[in-house]
Amino acid sequence: MKQKILFVCLGNICRSPAADGIMQHLVRKAGAEGRIGVDSAGTYAGHTGELPDHRMRAAAARRGYNLTHRARQIREKDFYDFDRIVVMDDYNYESVHRLAPSRELANKIYRMRDFFTTFAERWSHVPDPYYEGAEGFELVLDMLEEGCRNLLKEML
């Protein structure tokens, strides 16, 4: 049976589509496309239908990731469709937790920081790079690469 992961951030235009693209790349590289499915969403609907932020797409492309996901808002149905819902920060955690249809389904929610190793000492969340410079996007990609690698190891 295919395990499905949903990455969630605020607008679904920076962090979660980057995590989606990174994880899809890692899953392909591991030959696990038939076993692991990946998607992303946001808690805010204001960017619905948009591509990821152009700065995130450019930073990701320099690392070999092609981010083509179209933003969408998380919905109650996602709790039934996905095995893990991985959020980027505590605000997203609280928002997604309130949306959970039951306590049992809320147990599917994880924080990306749960999958950090080197970043765990300094970071309790994946910062939103939207209002940051280029360094912010690079830091987020570093964090997401580490988190996604560790998550994939756990799932395989």
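See above for the structure.
Conventions adopted
- Here the residue index of a chain counts from 1 through its sequence in written order.
- The predicted origin of the model limits local features to residues at a pLDDT of at least 70 and limits the giving and counting of side-chain atom pairs to 80 or more, whereas totals for whole chains, interfaces and linings rest on all residues.
- Computation of side-chain values covers all heavy atoms of the structure but excludes hydrogens and water.
- Every patch collects residues that have over 30% relative accessible area and no salt bridge, joining them within 9 Å if they carry like charges and within 5 Å if they are nonpolar side chains (Val, Leu, Ile, Met, Phe, Trp, Tyr).
- Exposure was quantified through the Shrake-Rupley algorithm and a 1.4 Å probe, taking into account, for residues, occlusion by the shown protein chains and nothing else.
- Only one rule defines a salt bridge in this text: a Lys or Arg side-chain nitrogen within 4 Å of an Asp or Glu carboxyl oxygen.
- Each helix is a run of DSSP H or I of at least 4 residues and each strand a run of E of at least 2, with the numbering of both proceeding from the N terminus.
- Relative accessibility thresholds used throughout: buried, under 20% of the residue-type maximum; exposed, over 50%; partly exposed, between the two (1.4 Å probe, protein chains only).
- If DSSP finds at least two bridges between two strands, the strands pair.
- Whenever a helix is involved, its axis is fitted only over the stretch in contact; in every case the axis is a line through C-alpha atoms, and angles between N-to-C directions fall within 0 to 180 degrees.
- Contacts were defined at the residue level, with two residues in contact if any of their heavy atoms lie within 4.5 Å.
- Side-chain atoms within 4.5 Å are what join buried Ala, Val, Leu, Ile, Met, Phe, Trp, Tyr and Cys residues into a set we call a nonpolar core.
- Between the first and last residue of a helix there are one fewer steps than residues, each counted as 1.5 Å, and that sum is the expected span.
- Only protein atoms enter the calculation, which uses a 1 Å grid: trapped sets of points that fit a 1.4 Å probe without letting it out are cavities, open sets showing protein on both sides within 12 Å along at least five of seven lines are pockets, and any residue with an atom within 4 Å of a point is a lining residue.
- Grid points are joined across faces, edges and corners, and a volume is the space filled by probe spheres set on the points.
- Gly counts as polar in this scheme, as do all residues outside two lists: the nonpolar Ala, Val, Leu, Ile, Met, Phe, Trp, Tyr, Cys and Pro, and the charged Asp, Glu, Lys and Arg.

## Digging into a nonpolar patch on the surface
On the surface, a cluster of nonpolar side chains totalling about 320 Å² of accessible area is made up of Leu-10, Tyr-44 and Tyr-91. By the element assignment, Leu-10 lies in the loop between β1 (3-9) and α1 (15-29). Owing to a relative accessible area of 33%, Leu-10 belongs among the partly exposed residues under this scheme.

## Side note on the sheet that holds strand β3 (residues 84-87)
What the 4 strands build is an open sheet, ordered β2-β1-β3-β4; its pairing is parallel. Edge positions in the sheet fall to β2 (36-42) and β4 (109-111), since each has one partner strand and no second. Strand-to-strand twist in this sheet, taken as the mean axis angle between neighbours without regard to direction, amounts to 25 degrees. As paired strands, β1 and β3 are joined by 4 bridges and run parallel to one another. Counterpart to Phe-7 in the pairing with β3 is Val-86. Packing of α1 onto the sheet brings it into contact with β1 and β2, and relative to β2 it is tilted by some 170 degrees.

## Observations concerning the nonpolar core
Judged by nonpolar contacts, the single largest core of 37 residues is most densely connected at Phe-7, Met-23, Met-112 and Leu-144. Listed by contribution, the elements that provide at least two residues to this core are β1, α1, β2, α2 (54-62) and α6 (134-155). For this core, the leading source of residues is α6, giving 9 residues. Residues in contact with Leu-144, not counting those within four places in the same chain, are Arg-15, Ala-18, Ala-19, Ile-22, Met-88, Met-112 and Val-126.

## Considering unusual backbone geometry
Located in the positive-phi region is Asn-12, a residue other than glycine, with phi close to 60 degrees. Given the relative accessible area of 0%, Asn-12 is considered buried.

## Digging into α1
For α1, spanning 15 residues, the distance from its first C-alpha to its last is 21 Å, which sits close to the expected 21 Å at 1.5 Å a residue. Counting buried residues in α1 gives 11 out of 15 residues, a clear majority hidden from the surface. Those residues of α1 that fall on the buried side of the exposure criterion are Arg-15, Ser-16, Pro-17, Ala-18, Ala-19, Asp-20, Gly-21, Ile-22, Met-23, Leu-26 and Val-27. Turning to α1, the residues buried within the fold contact β1, β2, α2, α4 (90-99) and α6. Directly beyond the C-terminal end of α1, a positive phi value near 70 degrees is found at Gly-31.

## Quick notes on the layout of surface pockets
Estimated volume of the largest pocket: approximately 170 Å³. Lining the largest pocket are Cys-9, Leu-10, Gly-11, Asn-12, Ile-13, Cys-14, Arg-15, Tyr-44, His-47, Asp-128, Tyr-130 and Tyr-131. Residue composition of the lining of the largest pocket, by class: 7 nonpolar, 3 polar and 2 charged.

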